[in-house]
Amino acid sequence: AHLERINEVDGDVHAFLLVDHDGAVEAARRIDSRIASGEKLGPLAGVPLAVKDLFCTKGLATTASSRMLEGWVPPYNSTIVSRCKDAGMVILGKTNLDEFAMGSSTETSAFGPTHNPWDLDRIPGGSGGGSSASLASFESPLALGTDTGGSIRQPGAVTGTVGIKPTYGSTSRYGVIAMASSLDTPGPCARTVLDAALLHQVMAGHDPMDQTTIDQPTPAIVEAANQPDVAGMKIGVVTEFAGEGYDPQVEARFNEAVEMLTAAGAQIVEVSCPHFDLALPAYYLIQPAELSSNLARYDAMRYGLRVDDDGEHSAEQVMRATRGAGFGAEAKRRIILGTYALSAGYYDAYYGSAQKVRTLIQRDFEKAWQSCDVLVSPATPTTAFRLGERTADPMAMYRCDLCTIPANMAGSPAGSFPIGLSETDGMPVGMQVMAPIMADDRVYRVGAALE
Ligand code: GLN
């Protein structure tokens, strides 16, 4: 049914870069016969899954939406893809994203943008716009995402779906094409809170192949998703995320959701996080710095694209021509920014200062946890804008992640949950719920109460 739905609508939505029709049918048949033979399988056995094209899939092309990797077929699966397959999930295909996951609209994909199923003229968010659009268009019931600055939560918010960024280090990055390694966090995308928790449960846990993974049991997220009880919970409203730049309709839905949580017995407290305003500028130093270093591996020598390899050109010339042709404009912009921020003489002024701001943001969170159990804010300042509207203005594009970036800077878990539609444009609005490190269950508890 999902493959048929993809056939029907993906010409318009363009959520997928690759649909593995035959592989999916074959995998589903194998699960069917295991069930028929009486084998007891987990709750997600046979459930289709859309995979962001940043996760390596053995035998299935993986591009990161870049010309640089076009046609590359990984010889191995990322840990998370292996875990999903072991759970009996059926991979439908690979979803579109911003090139190397940098962007907020899926428009930096080298293979054309994805369209928001609610209004095809509008963006589906990014970088994981393909994953979120595949859910909103009912092409897939579950999807994998990665969140470095908001790429699961922001697409979730603007497509009316659920997106969870787990605690950094609780989901393995092994086999996920690296962007900014100290921030990159794989997580689940779904249409319901319980669906997200079930997928999260399969994805999470220590991985010997990723030394940054935490060797602790996953918090009781499935139980929390089944228990929409916020009575007695202290919910902090971040005062910094309001006012100028926020769509009044986003603020209206947010205030209604806060009232709903109050009616359900939660205690609302106002919490000031004074350094959250600095998260965006600090992120746009740290993220490009790490990205410039991670993208240095695309040197035309080891794998991927190779231009001017005719024996007439030097290695350096081949490298320059390949990187010039293989990377899109946003990748080039960030490689230049990041290399500059890390260069001798500027390192302390830029990268060093940004790291200090990161510590201040972590302290804001620690202070907040003294007075509340979770923090809430709008997930995005505005609803989905029109395709093309912000492509010429990187600063306007970067502002999409104003509310989501602090959680990445601190490594905290956070989720985005649908809380209604804007009366102006009819587009979905999301609420963000943030919790302390390894208290991902609280995100689900509040999310379930909002459903
Ligand atoms: N939009 C942010 C950026 O462009 C976040 C990307 C992400 O989370 N992968 O960097």
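Residues numbered from 1 in each chain as written. Predicted model: local features only at pLDDT ≥ 70, side-chain atom pairs only at ≥ 80, totals over all residues. Heavy atoms only, no water.

Quick look at helix α8 (residues 248-263)
At step 1: If you check α8, its first and last C-alpha atoms are 22 Å apart, about what 16 residues at 1.5 Å a residue would give, namely 22 Å.
At step 2: Residues Gln249, Val250, Arg253, Phe254, Ala257, Val258 and Leu261 constitute the buried set of α8.
At step 3: Where α8 begins, one side-chain oxygen reaches toward the backbone nitrogen of glutamine 249, 2.8 Å away; that side chain belongs to aspartate 247.
At step 4: Once α8 ends, the next one or two residues include glycine 265, with phi positive near 105°. (Helix = DSSP H or I, 4+ residues; strand = E, 2+ residues; numbered from the N terminus. Expected span 1.5 Å × (residues − 1). Buried < 20%, exposed > 50% of the residue type's maximum accessible area, 1.4 Å probe, protein only. Polar contact = N/O pair within 3.5 Å; in protein donor to acceptor, adjacent residues only side chain to side chain.)

Here's the deal with the site of the ligand
At step 1: The ligand sits among 16 residues. The nearest are Gly103, Gly149, Ser151, Tyr283 and Asp401.
At step 2: Between a nitrogen atom of the ligand and a side-chain N or O atom of serine 104, the distance comes to 2.9 Å.
At step 3: In the environment of the ligand, an oxygen atom lies 2.6 Å from a nitrogen or oxygen atom belonging to the side chain of serine 151.
At step 4: Starting from 300 Å² of accessible surface for the ligand in isolation, the protein chains cover 100%.
At step 5: Looking at which element gives the most residues to the shell around the ligand, the answer is helix α9 (residues 279-294), with three residues.
At step 6: Class assignment of the residues belonging to the shell around the ligand gives a composition of five nonpolar, eight polar and three charged. (Near = heavy atom within 4 Å. Areas by Shrake-Rupley, 256 points an atom, 1.4 Å probe, with all protein chains shown as cover. Nonpolar A, V, L, I, M, F, W, Y, C, P; charged D, E, K, R; others polar.)

Here's the deal with the packing of aromatic side chains
At step 1: Under the definition given, this model contains 15 aromatic pairs.
At step 2: An aromatic cluster of three or more residues is present, and its members are Trp72, Phe100, Tyr298, Tyr303 and Phe327. (Phe/Tyr/Trp six-rings, centres within 6.5 Å; stacked < 30°, edge-to-face > 60°.)

Description of the packing of helix α3 (residues 79-86) against helix α6 (residues 193-203)
At step 1: Orientation of α3 relative to α6, taken along the N-to-C sense of each, is 115°, at an axis distance of 8 Å. Of the possible angle classes, the one that applies to α3 and α6 is roughly perpendicular. For the crossing formed where α3 meets α6, the hand is right-handed. Of the residues in α6, those touching α3 at Ile80, Arg83 and Cys84 are Leu199, Val202 and Met203.
At step 2: When its residues are assigned to classes, the contact of α3 with α6 shows five nonpolar, no polar and one charged. (Axes fitted to C-alpha atoms, helices over the stretch in contact; angles between N-to-C directions. Parallel < 35°, antiparallel > 145°, perpendicular 65-115°, else oblique. Left-handed = near helix turned anticlockwise from the far one by under 90°. Contact = heavy atoms within 4.5 Å.)

A few points about the pattern of salt bridges
At step 1: Going through the model one piece at a time under the given rule, you end up with 15 salt bridges.
At step 2: For the salt bridge of glutamate 39 with arginine 34, the shortest nitrogen-to-oxygen distance reads 2.9 Å.
At step 3: Owing to a relative accessible area of 36%, glutamate 39 belongs among the partly exposed residues under this scheme.
At step 4: The shortest N-O distance in the salt bridge between arginine 122 and aspartate 119 comes to 3.0 Å.
At step 5: A relative accessible area of 10% means that arginine 122 is categorised as buried.
At step 6: Look at the salt bridges and you will find they share partners, linking Asp119, Arg122 and Asp425 into a network. (Salt bridge = Lys/Arg side-chain N within 4 Å of Asp/Glu carboxyl O.)

Focus: empty space enclosed by the protein
At step 1: Here the structure, examined in full by the defined rule, presents three cavities of 30 Å³ or more.
At step 2: Considering only enclosed or pocket space, the largest cavity measures out at about 60 Å³ in volume.
At step 3: Residues that form the lining of the largest cavity fall into these classes: five nonpolar, six polar and two charged. (1 Å grid on protein atoms, 1.4 Å probe; cavity = no way out; pocket = protein on both sides within 12 Å on 5 of 7 lines; lining within 4 Å. Points joined across faces, edges and corners; volume = space filled by probe spheres on them.)

A look at the layout of surface pockets
At step 1: Put simply, the largest pocket is a space of about 290 Å³.
At step 2: What lines the largest pocket is a set of 17 residues, among which Gly23, Ala27, Arg30, Lys85 and Met89 lie closest to the centre.
At step 3: Every element with two or more residues in the lining of the largest pocket is listed here: α2 (21-36) and β3 (90-95).
At step 4: Here the lining of the largest pocket takes seven residues from α2, the largest share from any one element.
At step 5: For the lining of the largest pocket, the class distribution of residues is seven nonpolar, four polar and six charged.

Thoughts on the nonpolar core
At step 1: Judged by nonpolar contacts, the single largest core of 68 residues is most densely connected at Phe100 and Leu144.
At step 2: Grouped together as the second largest cluster of nonpolar side chains are 41 residues, Ile123, Ala180, Ala368 and Trp369 included. (Core = buried A, V, L, I, M, F, W, Y, C linked by side-chain atoms within 4.5 Å.)

Description of the environment of isoleucine 405
At step 1: In this structure, isoleucine 405 sits in helix α14 (residues 405-410).
At step 2: Sequence spacing of isoleucine 405 and leucine 278 is 127 residues, and the spatial spacing of their C-alpha atoms is 9.9 Å.
At step 3: Not counting residues up to four positions away in its chain, the partners in contact with isoleucine 405 are Gly149, Ala279, Leu280, Tyr283 and Tyr284.

With respect to the confidence of the model for the protein chain
Regions with low pLDDT should not have their predicted coordinates read in detail.
At step 1: Scored by pLDDT, the protein chain has a mean of 97; 100% of the residues are at 70 or more.
At step 2: Least confident of the elements in the protein chain is helix α13 (residues 394-398), whose mean pLDDT is 92; most confident is strand β6 (residues 185-190), at 99. (pLDDT = per-residue confidence, 0-100.)

Overview of the pairing of strand β11 (residues 428-434)
At step 1: Within β11, seven of the seven residues are buried, leaving the element largely enclosed by the surrounding structure.
At step 2: Residues Pro428, Gly430, Gln432 and Met434 point to one face of β11 and Val429, Met431 and Val433 to the other, with burial holding for every one of them.
At step 3: Strand direction decides the pairing type here: strand β9 (residues 374-378) and β11, joined by four bridges, are antiparallel. Looking at β11, one finds that proline 378 is bridged to methionine 431.
At step 4: In this sheet, β11 lies alongside strand β10 (residues 414-421) in antiparallel orientation, the contact comprising six bridges. Bridge pairing links proline 418 to glycine 430 in β11.
At step 5: The turn linking β10 back onto β11 is made up of six residues, and glycine 426 within it adopts a positive phi angle of 75°. (Pairing = 2+ DSSP bridges.)

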